[in-house]
Amino acid sequence: MVDLSVDLKGIRFANPVAMASGNAGYGFEYQAVSGFSNRDVGAVFLKGTTLEPKLGNKPERVMESPCGLLNSIGLQNPGAHAVIADYLPKLDLSQTQFIINVSGSSVEEYAEVVRLFDQTDLPAIEVNISCPNVKKGGAAFGNDPEMAARVVEACRASTTKPLIVKLSPNQTDIAEGARRVIDAGADILSAINTMMGMQIDIDSATPTLGNNQGGLSGPAIKPIALLKVHQVYQVAKQYDVPIIGLGGIASAEDAIEFILAGASMVAIGTAIAKDPLLVKKVSKGVERYMKRHGYRSVNEMTGRLTLNT
Ligand code: DOR
């Protein structure tokens, strides 16, 4: 018997494949797609939410490239109060684990948004310290371990719910960054957010994105994300802190690589836009692999990578 469920800090997920934040809106966007059910998804990470509504960056905000997607959305969202009053009541919380992703432009704002979501029925809060598209001296909090630790400490003091901290690949040493946020109170880590990139329109000689630069996602970042998850795992396993791996996952094979590298769960982002039913297909593929290789639980597979000597 293969058990696809995972337990992360007391939260039970029916399967280890989630929808990444920013790709599933507020849990409704894919309901109309034929064959889609939130019940087939391990978790839905809701769009990054700030205290006040945000219109986001100026267009263009999403550009395709042959190796992935560049986005400079800039956290467009209706604000925490509207999400809590108007969006969350519409979700059927028995379908899957809906997890809010929160952002802020100051330590105090992060703490306040977390405090608001602490009062909801959502099972956990993902603290996004790694959005590349909020200008605060040009850098996300997550690129500076000191700032990251301060944000996480303030969030920790604002909720008793499990805190998932989303790490930036744009920091110098992600393993050290992981250690700092674990010390500051992170229960679970997610890695990675998008990587800073640029695309240029050669006729106008200007960047294609209105914000000039943006976060790269999709196939291009998968090998990078995999290495970062492997590096974070070396630290996180010492503290018994699980990792949600993401970055360019588009198949069951990709998901399995992340689990072997140390992820307890994975999330899919960019690839969902082309196939909203992908999460279900990937979890079925993971199940088949587990049967073939004699794994009874996802937990047994996590971190089973053997390095060459
Ligand atoms: O690439 C990203 N874009 N990562 C985030 O965390 C947020 C998003 C945005 O809204 O810009």
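The structure this text deals with has already been given above.
Residues numbered from 1 in each chain as written. Predicted model: local features only at pLDDT ≥ 70, side-chain atom pairs only at ≥ 80, totals over all residues. Heavy atoms only, no water.

Q: Help me get a handle on a nonpolar patch on the surface, residues and values and all.
A: Together, Met198, Ile200 and Ile202 line one region of the surface with nonpolar side chains, adding up to about 360 Å² of accessible area. For isoleucine 202, the location among the structural elements is in the loop between strand 12 (200-201) and strand 13 (206-207). Look at isoleucine 202 and you get exposed, because its relative accessible area is 73%. (Patch = residues over 30% accessible without salt bridge, like charges linked within 9 Å, V, L, I, M, F, W, Y side chains within 5 Å. Areas by Shrake-Rupley, 256 points an atom, 1.4 Å probe, with all protein chains shown as cover. Salt bridge = Lys/Arg side-chain N within 4 Å of Asp/Glu carboxyl O. Helix = DSSP H or I, 4+ residues; strand = E, 2+ residues; numbered from the N terminus. Buried < 20%, exposed > 50% of the residue type's maximum accessible area, 1.4 Å probe, protein only.)

Q: Account for helix 4 (residues 174-183), naming residues and giving values.
A: The α-helix advances 3.6 residues per turn, and as a result positions three or four apart in sequence lie on the same side. For helix 4, every residue scored as buried is listed here: Ile174, Ala175, Gly177, Ala178, Val181 and Ile182. Buried residues of helix 4, seen end-on, are gathered within an arc of 160 degrees and therefore sit on one face of the element. Structurally, helix 4 contributes buried residues whose contacts are with helix 3 (145-156), strand 9 (163-166), strand 10 (188-191) and helix 5 (222-236). For helix 4, the side-chain oxygen to backbone nitrogen distance between the N-cap and alanine 175 is 3.2 Å, and the N-cap itself is aspartate 173. Glycine 185 sits one or two residues past helix 4 and shows a positive phi near 125 degrees. (Arc of directions from axis to C-beta. Contact = heavy atoms within 4.5 Å. Polar contact = N/O pair within 3.5 Å; in protein donor to acceptor, adjacent residues only side chain to side chain.)

Q: If you had to explain the pattern of salt bridges to someone new, which residues and values would you point to?
A: By the definition in use, this model includes twelve salt bridges. Note that aspartate 183 and arginine 179 form a salt bridge whose closest N and O atoms lie 3.1 Å from each other. Placement of the pair is aspartate 183 and arginine 179 together in helix 4, with a separation of four residues, close to one helical turn. Taking the shortest distance from any N to any O, the salt bridge between glutamate 257 and lysine 222 comes out at 2.5 Å. With glutamate 257 in helix 6 (residues 252-261) and lysine 222 in helix 5, this residue pair connects regions lying 35 residues apart in the sequence. For glutamate 257, a relative accessible area of 33% puts it in the partly exposed group. Using a relative accessible area of 13% as the deciding quantity, one classes lysine 222 as buried. Within the structure, one salt-bridge network assembled from shared partners comprises Glu176, Arg179 and Asp183.

Q: An account of the environment of alanine 18 is needed here, citing residue identities and associated values.
A: Position of alanine 18 among the secondary structure elements: in strand 3 (residues 17-19). Taking the C-alpha atoms as reference, alanine 18 lies 9.8 Å from phenylalanine 98; in sequence the two are 80 residues apart. Excluding residues within four positions of it along the chain, alanine 18 makes contact with Val41, Gly42, Ala43, Phe45, Met265, Val266, Ala267, Ile268 and Val279.

Q: Provide a residue-level description of the packing of aromatic side chains, including the pertinent values.
A: Overall, the coordinates contain five aromatic pairs when judged by the stated rule. Measuring from ring centre to ring centre gives 6.5 Å for phenylalanine 28 and tyrosine 87, while their planes differ by 55 degrees; the resulting arrangement is tilted. Of this pair, phenylalanine 28 sits in the loop between strand 3 and strand 4 (43-49) while tyrosine 87 sits in helix 1 (residues 80-87), and the two are 59 residues apart along the sequence. Centroid distance tyrosine 110 to phenylalanine 141: 5.4 Å. Interplanar angle 85 degrees. Geometry classified as edge-to-face. One end of the pair, tyrosine 110, is in helix 2 (residues 107-118); the other, phenylalanine 141, is in the loop between strand 8 (125-128) and helix 3, and 31 residues separate them in sequence. Among the residues examined, phenylalanine 141 registers a relative accessible area of 10% and is labelled buried. Here the aromatic cluster, defined as three or more aromatic residues joined through ring pairs, consists of Tyr26, Phe28 and Tyr87. Across the ring face of tyrosine 87, the terminal group of lysine 90 is positioned such that the distance to the ring centre comes to 6.0 Å. (Phe/Tyr/Trp six-rings, centres within 6.5 Å; stacked < 30°, edge-to-face > 60°. Lys NZ or Arg CZ within 6 Å of the ring centre and 35° of its normal.)

Q: Describe the environment of isoleucine 84, naming the residues involved and giving the relevant values.
A: In this fold, isoleucine 84 is placed in helix 1. For isoleucine 84, a relative accessible area of 26% gives the class partly exposed. Here isoleucine 84 is in contact with Pro89, Leu116, Phe117 and Thr120, once residues within four sequence places are set aside.

Q: For the site of the ligand, give the residues involved together with the corresponding values.
A: Around the ligand sit Lys47, Asn71, Ile73, Gly74, Leu75, Asn128, Cys131, Pro132, Asn133, Asn193 and Thr194, and that is every residue in its neighbourhood. Glycine 74 is positioned with one of its backbone polar atoms (N or O) 2.8 Å from an oxygen atom of the ligand. In terms of residue class, the shell around the ligand is built from four nonpolar, six polar and one charged. (Near = heavy atom within 4 Å. Nonpolar A, V, L, I, M, F, W, Y, C, P; charged D, E, K, R; others polar.)

Q: Could you give an account of the packing of helix 5 against helix 6, with specific residues and numbers?
A: At a minimum axis distance of 8 Å, the contact between helix 5 and helix 6 shows a crossing angle of 25 degrees. Taken together, the axes of helix 5 and helix 6 lie roughly parallel to each other. Here helix 5 runs over helix 6; the crossing is right-handed. For the pair formed by helix 5 and helix 6, the contact residues are Lys222, Ala225, Leu226, Val229, His230 and Tyr233 on the first element and Asp254, Glu257, Phe258 and Ala261 on the second. Across the contact of helix 5 with helix 6, the residue classes tally to six nonpolar, one polar and three charged. (Axes fitted to C-alpha atoms, helices over the stretch in contact; angles between N-to-C directions. Parallel < 35°, antiparallel > 145°, perpendicular 65-115°, else oblique. Left-handed = near helix turned anticlockwise from the far one by under 90°.)

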